[in-house]
Amino acid sequence: MQTPVAGLNTDACDVRSERQEILLALAANPALLAEHIDVLIATADPEVLQELALEQRLSSAQLTALSARGHRAVQLALIESGNLPAGQVSRDDPWALLAGIDRADASADWLPLLASWPDAQVRLALGASIMKRDRADIAELLAGDDDCAVAARATELYDLPELLARRLYQRTEACVRVALAGRPHAPAQLLAELMSTGGLSALEPCPHSTDLATALRDLRLAAAGNHATPVEAILPFITELDPAMALAVAHRRDLPAATYAKLVALNEPQITGMVASNSATPVGLLHRLYEQDAGRWRRNVLDNAATPIHLVLEHNRVTGTPHRIMFRKDRDELLALATDPSPAVRLIAAGSHQLPLDVRATLLDDPDPAVAKFALLSIDVTADQIRAFAARHGPRVFTSLAGHPCCPPDVLLAIARDPQSPREAVTEVAWHEAAPPAALRICYRHPASTVPLATNPATPPDILAELATHPDPHVVLEVARNTSLPPDAAWHILRGNTDGPVCVARPL
């Protein structure tokens with residue numbers, strides 16, 4: 001945060017911040033022309049130049065000009081993006097090699113060079129990329145590293161191969177085994193052994209986990225919370241539950257039924273909430289949790305797919321507030337609800353995210369528009385169903401229709417043209433990428449549609465060019481981000497944001 005300086009116009013700082021955001025958005029926009037990029041290279045600060053180096057395809061002249069600015073972060077961005085030829089990347093600079101490690105043209109010797117770099121910080125940085133990049137080749141190289149913290153990074157591979165897991169299991173350092181115990185793709189047998197004894201070979205403290213008792217405790221907590229660990233290996237450690245172990249296992253769906261009540265008995269709010277949401281929790285306990293603590297866990301219980309439907313119906317009857325059952329799958333149950341005489345009951349079914357097609361069709365034809373609107377939320381709805389829905393219910397459902405991703409262009413145009421359309425419906429049309437140009441031109445007459453139109457790549461170029469000169473910087477920012485940015489709009493934005501006040505306030 002910048003520190004105010006006496007006599008400084010703080011509005012200039014705000015302008016600087018707004019302009020910086022706009023230029024950063026512009027630098028990342030793939031619609032920029034080469035001449036726009038030239039202006040940014042000549043005038044922008046290092047942060048914008050870094051964005052350019054990452055996101056744009058640069059000519060050799062632009063590459064030379066950017067490199068000449070001498071900013072380290074920009075140089076690394078040029079390597080990461082592939083703008084700088086691989087042959088120009090120095091093998092004496094590990095951070096440059098790391099920046100380019102994912103390039104298709106990366107030299108085959110970069111990876112082993114980094115994996116054997118004398119500085120452990122470099123190898124740790126390489127290991128940190130395993131999860132981000134899901135690179136098994138990196139994990140294989142680092143699994144045998146002399147530094148156990150580096151080796152522990154190899155466990156972060158998303159789909160951990162069994163051979164690699166067994167290789168890591170052979171290491172006795174605590175930090176490696178704790179890391180392995182939490183991996184969902186580790187072999188069940190290894191996880192059971194880690195849970196039971198810490199591993200077949202003796203667990204040893206390491207510089208990153210010096211107390212053996214604490215390390216064994218952390219290992220067991222990690223394994224207990226891992227769904228891949230067989231429940232039989234966990235049972236001996238949950239006969240007498242403490243809060244830490246209870247928190248680790250409360251989300252599991254394979255515990256003995258009586259264990260869930262024991263978890264609740266600990267009276268720990270986070271644990272109780274997890275049990276109330278757990279689909280393996282016994283029905284009797286769900287009933288109890290519904291009433292417990294003045295209804296504190298009621299929403300967790302109602303959202304639980306294992307909660308009996310009669311409890312949801314009773315809740316709706318007593319409170320008068322329909323609760324949606326978003327994750328129900330049973331077709332017969334949903335069909336019974338969808339054909340119930342009570343609109344409140346049908347509304348419950350309409351809220352499910354997993355409605356069978358025939359049940360959804362029934363609900364879309366419901367005479368109550370509130371029920372039909374809920375059923376409309378699914379992406380499985382067809383364009384013809386949306387057209388029929390619009391014809392049946394008219395302007396009162398236009399806002400819901402205009403916000404639907406499957407709404408066809410003709411319906412969007414009809415909503416924009418209808419004088420009875422709510423303002424919110426017109427704004428939704430302005431957001432919609434399927435809206436035809438004629439609909440978006442109508443939306444442009446409404447001030448509330450300005451930001452949606454600036455954001456929408458379907459907006460006609462002449463409108464985007466006008467919005468690029470809008471007095472509201474938030475509108476200009478959205479135009480700068482718009483991937484359909486026309487050249488004229490880019491020029492307007494550059495002229496308005498490269499020659500303005502610059503805030504240089506810093507703490508003295």
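Definitions and limits used
- Residues numbered from 1 in each chain as written.
- Predicted model: local features only at pLDDT ≥ 70, side-chain atom pairs only at ≥ 80, totals over all residues.
- Heavy atoms only, no water.
- Helix = DSSP H or I, 4+ residues; strand = E, 2+ residues; numbered from the N terminus.
- Rg over C-alpha atoms; globule rule 2.2 N^0.38 Å.
- Buried < 20%, exposed > 50% of the residue type's maximum accessible area, 1.4 Å probe, protein only.
- Contact = heavy atoms within 4.5 Å.
- Areas by Shrake-Rupley, 256 points an atom, 1.4 Å probe, with all protein chains shown as cover.
- Lys, Arg positive; Asp, Glu negative; His and termini not counted.
- Charge placed at Lys NZ, Arg CZ, Asp CG, Glu CD.
- Phe/Tyr/Trp six-rings, centres within 6.5 Å; stacked < 30°, edge-to-face > 60°.
- Lys NZ or Arg CZ within 6 Å of the ring centre and 35° of its normal.
- Salt bridge = Lys/Arg side-chain N within 4 Å of Asp/Glu carboxyl O.
- Expected span 1.5 Å × (residues − 1).
- Arc of directions from axis to C-beta.
- Axes fitted to C-alpha atoms, helices over the stretch in contact; angles between N-to-C directions.
- Parallel < 35°, antiparallel > 145°, perpendicular 65-115°, else oblique.
- Left-handed = near helix turned anticlockwise from the far one by under 90°.
- Nonpolar A, V, L, I, M, F, W, Y, C, P; charged D, E, K, R; others polar.
- Disulfide = S-S within 2.5 Å.
- pLDDT = per-residue confidence, 0-100.

Quick look at the overall build of the protein
Right, on to step 1. What the protein contains, in helices and strands, is 34 helices and zero strands.
Right, on to step 2. A compact globule built from 508 residues would reach a C-alpha radius of gyration of about 23 Å, whereas the protein, at 30 Å, exceeds it by more than 25%.
Right, on to step 3. Taken over the C-alpha atoms alone, the protein extends approximately 75 × 70 × 50 Å along its principal axes.
Right, on to step 4. Here the protein, with 508 residues, has 45% of them falling under the buried criterion.
Right, on to step 5. The contacts of the protein with a sequence gap of at least 6 include a subset with a gap of at least 24, amounting to 51%.
Right, on to step 6. By element, 56% of the accessible surface of the protein is carried by carbon and sulfur atoms, the whole surface being about 24000 Å².
Right, on to step 7. Looking at the protein, you have 44 positive and 61 negative side-chain charges, and the mean spots of the two groups are 3 Å apart.

Here we look at unusual backbone geometry
Right, on to step 1. One non-glycine residue with positive phi stands out, namely N267, at about 60°.
Right, on to step 2. Residue classification places N267 among the exposed residues on the basis of a relative accessible area of 57%.
Right, on to step 3. Residue D293 is not a glycine yet carries a positive backbone phi of 55°.
Right, on to step 4. Mapped onto the secondary structure, D293 falls in the loop between α19 (283-291) and α20 (298-303).

Comments concerning the packing of aromatic side chains
Right, on to step 1. Scanning the entire structure with this criterion turns up zero aromatic pairs.
Right, on to step 2. Above the ring of Y169, the side-chain terminus of R177 is found at 5.4 Å from the ring centroid.
Right, on to step 3. Sitting over the ring of Y290, R298 keeps its end group 4.2 Å from the ring centre.

Some points on the pattern of salt bridges
Oppositely charged side chains are able to pair whenever their charged atoms sit close together.
Right, on to step 1. The final tally for this structure, using the stated rule, is 21 salt bridges.
Right, on to step 2. For D332, the salt bridge goes to R331, with nearest N and O atoms at 3.4 Å.
Right, on to step 3. Under the relative-accessibility criterion, D332 is labelled exposed at 56%.
Right, on to step 4. With a relative accessible area of 36%, R331 lands in the partly exposed category.
Right, on to step 5. One network of salt bridges, with partners in common, ties together D102, R135 and D137.

Digging into helix α14 (residues 212-224)
Given 3.6 residues per helical turn, the α-helix brings residues three or four places apart onto the same face.
Right, on to step 1. The end-to-end C-alpha distance of α14, which contains 13 residues, comes to 18 Å, matching closely the 18 Å that a straight helix rising 1.5 Å per residue would cover.
Right, on to step 2. For α14, the complete set of buried residues consists of A215, L219, R220, A223 and A224. Buried residues of α14 fall within an arc of 165° about the axis and therefore sit on the same side.
Right, on to step 3. Packed against the buried residues of α14 are α12 (174-181), α13 (188-197), α15 (231-234) and α16 (243-249).

Considering helix α18 (residues 269-277)
Right, on to step 1. Turning to α18, its buried residues number three or more, namely I271, T272, G273, V275 and A276.
Right, on to step 2. Where α18 is buried, its residues contact α16, α17 (257-265), α19 and α20.

A word on the packing of α17 against α18
When two helices pack together, their arrangement is given by the angle between their axes and by how far apart the axes lie.
Right, on to step 1. In the contact formed by α17 and α18, the axes pass within 8 Å of each other and the chain directions differ by 150°. Put simply, α17 runs roughly antiparallel to α18. Where α17 crosses over α18, the handedness of that crossing is left-handed. Facing α17, whose interface residues are Y260, L263 and V264, α18 presents I271, T272 and V275.
Right, on to step 2. Grouping the constituent residues of the contact of α17 with α18 by class yields five nonpolar, one polar and no charged.

Considerations on the state of the cysteines
Each disulfide consists of one covalent bond between the sulfur atoms belonging to two cysteines.
Right, on to step 1. One pass over the full model with this rule turns up zero disulfides.
Right, on to step 2. C443 carries a free sulfur, and the closest cysteine sulfur to it, the one in C407, is 12 Å from it.

Some points on the confidence of the model for the protein
Right, on to step 1. Summing up the model confidence of the protein, the mean pLDDT is 90 and the portion of residues at 70 or higher is 94%.
Right, on to step 2. For the stretch residues 1-13, pLDDT sits under 50, and the model shows 12 contacts to residues farther than four places along the chain or on other chains.
Right, on to step 3. Residue range residues 500-508 is modelled with pLDDT below 50. Its contacts to residues more than four positions away, or to other chains, number 16 contacts.

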